[in-house]
Amino acid sequence: MPEVMSSEVVVIGGGVIGAAVAYYLSREGAEVMIVEEDDLAAGASGACDGFISLQTKTPGPHLRLAMESAQLFPALAEDLEVDIEYRRCGGLLLATSQDQMKELRARAKALKAEGLEVEVLTVSDLKELLPEVGKEVKGGSYCPLDAQVNPISLTLGLAQKAQEMGATIIRGCKVENIVVTNNRVREVHTTVGNIHSRRVVCAAGVGSNQIGKMIIVDVPVLPQRGQILVTESREPVLKILVAGAEYLGTKANIQALMPADVEAAKLGLGFTAEQTAAGNLLLGSTREFVGFDNQTTPEAMNAIARNALRYLPWVEDMDVIRSFAGLRPCSPDGLPILGTIKGVRGFFLATGHSGDGICLAPITGKMISELVLDGETSLDITPFSLYRFK
Amino acid sequence: MSPDIPGEGDLWRSSWEAAVDGAVAVVDCREEIPCNPCEEACPTGAIRVGPDICAAPRFDPQACNGCGRCVALCPGMAVFLLDRREKSGFARVTVPYEMGERPVEGEEVQVVDGEGKALTGGKILKIRALGGGAPTLLVTVRVPESVALKVRGVRYRLMERDGFREVDKLPSLADYPLCRCEDVPLERVRDILRTGLKSLPSLRRASRVGLGYCQGMFCQSSLRQELAEATGREGEEIGSFRVRPPVRPVKLGFLGGGNA
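K.L.:
Is there a simple way to think about the confidence of the model for chain B in this case?
P.N.:
One rule of thumb: low pLDDT means the predicted coordinates there are not for detailed reading. Of all residues in chain B, 88% have pLDDT values of 70 or greater, and the mean over the chain is 84. The complex model carries a pTM of 0.78, and its ipTM stands at 0.87.

K.L.:
Just checking my understanding: could you explain the sheet that holds strand β8 (residues 137-144) of chain B for this structure?
P.N.:
In any sheet, the strands associate via hydrogen bonds between backbone groups, in a parallel or an antiparallel arrangement. All names here are of chain B. Spatially, the 7 strands line up as an open sheet ordered β1-β4-β5-β8-β7-β6-β9, and their pairing is antiparallel. Either end of the sheet is taken by a strand with one partner, and the two such strands are β1 (24-27) and β9 (153-155). Averaged over all pairs of adjacent strands, the angle between their axes in this sheet comes to 40°, without regard to strand direction. Across 8 bridges, strand β5 (residues 90-97) lies against β8 in antiparallel orientation. By the bridge assignment, threonine 94 is partnered in β8 with threonine 140.

K.L.:
Help me understand the pairing of strand β16 (residues 272-275) of chain A, please; the structure alone is not making it clear to me.
P.N.:
For a regular strand, side chains alternate in direction, first toward one face of the sheet and then toward the other. Residue and element names in this part refer to chain A. Neither face of β16 is exposed, since Thr272 and Glu274 on one face and Ala273 and Gln275 on the opposite face are all buried. In this structure, strand β15 (residues 241-244) lies alongside β16, joined through 2 bridges in antiparallel fashion. Of the residues in β16, the one forming a bridge with valine 242 is alanine 273. With 4 bridges joining them, β16 and strand β17 (residues 280-284) adopt antiparallel strand pairing. Directly across from glutamate 274, in β17, lies its bridge partner leucine 282. Counted between consecutive antiparallel strands, the loop separating β16 from β17 contains 4 residues, among which glycine 279 sits at a positive phi close to 105°.

K.L.:
How do you make sense of the pattern of salt bridges when you look at a structure like this?
P.N.:
Where charged atoms from two side chains of opposite charge come close, those side chains can pair. Residues and elements named next belong to chain A. Applying the stated criterion to the full structure yields 28 salt bridges over all chains. The residue arginine 234 makes a salt bridge to glutamate 232 at a minimum N-O spacing of 3.3 Å. Under the relative-accessibility criterion, arginine 234 is labelled partly exposed at 25%. Look at glutamate 232 and you get buried, because its relative accessible area is 10%. Connected through shared salt-bridge partners, Lys57, Lys251 and Asp356 make up one network.

K.L.:
Just to check I follow, could you spell out the packing of aromatic side chains for this structure?
P.N.:
For any pair of aromatic rings, the description rests on two quantities: the centre-to-centre distance and the angle between the ring planes. Residues and elements named next belong to chain A. Here the structure, examined in full by the defined rule, presents 3 aromatic pairs over all chains. An angle of 90° between the planes, with centres 4.9 Å apart, marks the rings of tyrosine 23 and tyrosine 24 as edge-to-face. A relative accessible area of 5% places tyrosine 24 in the buried class. With a centroid separation of 5.7 Å and an interplanar angle of 5°, the aromatic rings of phenylalanine 73 and tyrosine 86 are classed as stacked. Residue phenylalanine 73 is located in helix α2 (residues 61-79), and its partner tyrosine 86 is located in the loop between α2 and β5 (91-95); the two are separated by 13 residues in the primary sequence. As far as burial versus exposure is concerned, phenylalanine 73 and tyrosine 86 are alike and both buried. One cation-aromatic arrangement involves lysine 342 over tyrosine 387; the distance from NZ or CZ to the ring centre is 4.2 Å.

K.L.:
What exactly am I supposed to notice about unusual backbone geometry here?
P.N.:
Generally, phi is negative for residues other than glycine and the peptide bonds are trans, each holding for most cases. The omega torsion of the bond from Gly284(A) to Ser285(A) falls at -25°, within 30 degrees of zero and hence cis. Within the secondary structure, Ser285(A) sits in the loop between β17 and α9 (298-311). With an omega of -5°, the peptide bond running from Pro245(B) to Pro246(B) counts as cis. By secondary structure assignment, the location of Pro246(B) is in the loop between α8 (235-238) and β12 (250-251).

K.L.:
Can you walk me through the interface of chain A and chain B in this structure?
P.N.:
How large an interface is tends to be reported as the accessible area lost when its parts come together. The partner chain B presents 27 residues to the 34 residues of chain A that form the contact. Summed over both partners, the interface of chain A with chain B comes to about 2500 Å²; 50% of that surface belongs to carbon and sulfur atoms. For chain A, the biggest contributors to the area lost against chain B are Arg171(A), Ile321(A) and Arg322(A); these three give 23% of the whole. Linking Lys251(B) and Asp319(A) is a salt bridge whose minimum nitrogen-to-oxygen distance equals 3.0 Å. Applying the counting criterion to the chain A and chain B interface returns 17 residue pairs in polar contact (both at pLDDT 80 or more).

K.L.:
Is there a simple way to explain the packing of α2(A) against helix α10 (residues 357-374) of chain A in this structure?
P.N.:
Two packed helices can be described by the angle between their axes and the distance between those axes. All names here are of chain A. One way to put it is that α2 packs onto α10 with a least axis distance of 7 Å and a crossing angle of 85°. With respect to each other, α2 and α10 are oriented roughly perpendicular. Residues His62, Leu65, Ala66, Glu68, Ser69, Leu72, Phe73 and Leu76 of α2 form the contact with α10, whose participating residues are Ile358, Cys359, Leu360, Ala361, Pro362, Ile363 and Lys366.

Conventions we followed
- Residues numbered from 1 in each chain as written.
- Chains lettered and ligands numbered in written order.
- Predicted model: local features only at pLDDT ≥ 70, side-chain atom pairs only at ≥ 80, totals over all residues.
- Heavy atoms only, no water.
- pLDDT = per-residue confidence, 0-100.
- Pairing = 2+ DSSP bridges.
- Helix = DSSP H or I, 4+ residues; strand = E, 2+ residues; numbered from the N terminus.
- Axes fitted to C-alpha atoms, helices over the stretch in contact; angles between N-to-C directions.
- Buried < 20%, exposed > 50% of the residue type's maximum accessible area, 1.4 Å probe, protein only.
- Salt bridge = Lys/Arg side-chain N within 4 Å of Asp/Glu carboxyl O.
- Phe/Tyr/Trp six-rings, centres within 6.5 Å; stacked < 30°, edge-to-face > 60°.
- Lys NZ or Arg CZ within 6 Å of the ring centre and 35° of its normal.
- Contact = heavy atoms within 4.5 Å.
- Buried area = accessible area lost by both parts, 1.4 Å probe.
- Polar contact = N/O pair within 3.5 Å; in protein donor to acceptor, adjacent residues only side chain to side chain.
- Parallel < 35°, antiparallel > 145°, perpendicular 65-115°, else oblique.

Structure, rendered in structure tokens:
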């Protein structure tokens, strides 16, 4: 590899966001280089479930972004060489108390007002979608547009397609410095050499804070650990995505939907379940701030299993074959951080997706591509600016 | 007739005696290896390995109901069933059978000992599968009591009846699964290596090798070898990937019981 390289755009990070940005940029004919410290999908994108959940998004710009993103998936599934196992399967959000039910009803109303199809269901309505639910379940809300995807295939598929269209992917390449002169990005220094570039996209996930420091900008992204259990593979037994209301509570910080149990609240426990195309059930998940520790813990595994039995008692006889943990790049309000930086031209942020990275990857890639190449976006992304925190 | 018990008289005497009332397990496990599926398989607690997983199993014939689950599940094929109800000088022995050609009830087969040597001929009385996706069949044969404790298998081959069969074209090595749990062929792994993935965990993520039941306990070394060959690196440089808990499969009900 030559000591000094150059690229029209350098994308820092080979996760789903970096790959999506590179894909959409390459599609527009831009010269792109992805630099990845470890390997593609080595971070959060390779250690998460495949929820494309719309009804768990906050009404307003966040929901609109997710709805736009969801619409891009079918075309992506067509365009990518890799089978991304995309399926519009619908999703359920279950309530275990009347208070939660009340909250879900109110939310369904708000979501419907924004044009999202959501239905409030009683326990007997649920029976058609789910054969058996726990006795505690009081009902739920159903969104037919919720979908699932294989996050690793999606990341690898986007990167591979970008590469076919001309993008360069450099693995095992750590960014050490970003040179800014006259308020403009000029060069990216990495462990494998220097790259001349006037445009840099930071899609570094939990590493974004570190990257931000290089241009003296505080990007408030913290690693938030999420743990998931994987069961043995079975014939299709769960056709839709299922989550508990508490998942939404811990995700969107909604007080009325927080877990009542102290230990569960401490773990940020919320129930999620999906069956992958390979047949395994992925059961989640937790939300913990423990720095960069991505180990699973016995306490969380017990808690996730206990919680899963509350909602879907029939999983009792299934074998858990492994567990994994990933670090979500979490922003203070749980919404992504997208856009430019004041005072440093040519630097773009596409990070802080806080567990929505898979769902929001296509729209993020598209918006950042537009922003990098045209300087403006077809959708208003100012609500996701870094400066909302100041 | 007194049993012909090769050097293990006392170990099997209780099973031998209990077998006059019906089928009972005979545990022929001498290896002190980390293994306990027999204990998990037994619905009545007749077989116990205990907390030291390397200990040899202890067996209580009084508690055994002759269900045969241990016979089907023992990976070492070290358990069989003995039934001396007939009291006519003949016993019924049930052994595991995992060969491709399914035997037929009522046919005569060759009965063999642990070294594969033919003992005698015997008639197949019953063939059953325990279900649950387990491919092991339980074959019950009627043999003279004098050899009953030596029986470890039956030989049932088409070639003995119809002469030799020519084998069709052998599949190429590349089509064989490198990872059996996830059924990933070697060729798929090589395809992925050609895309330039460099680390073992990435190769696992992209190929799913090592993400199944065994978590790489069986396939990780093959995967490392492929990676070493593709990248020209040494094994130590490549390292290994972590096995994520639980190290072996555990029921969700147990994990959620709060005491796992």
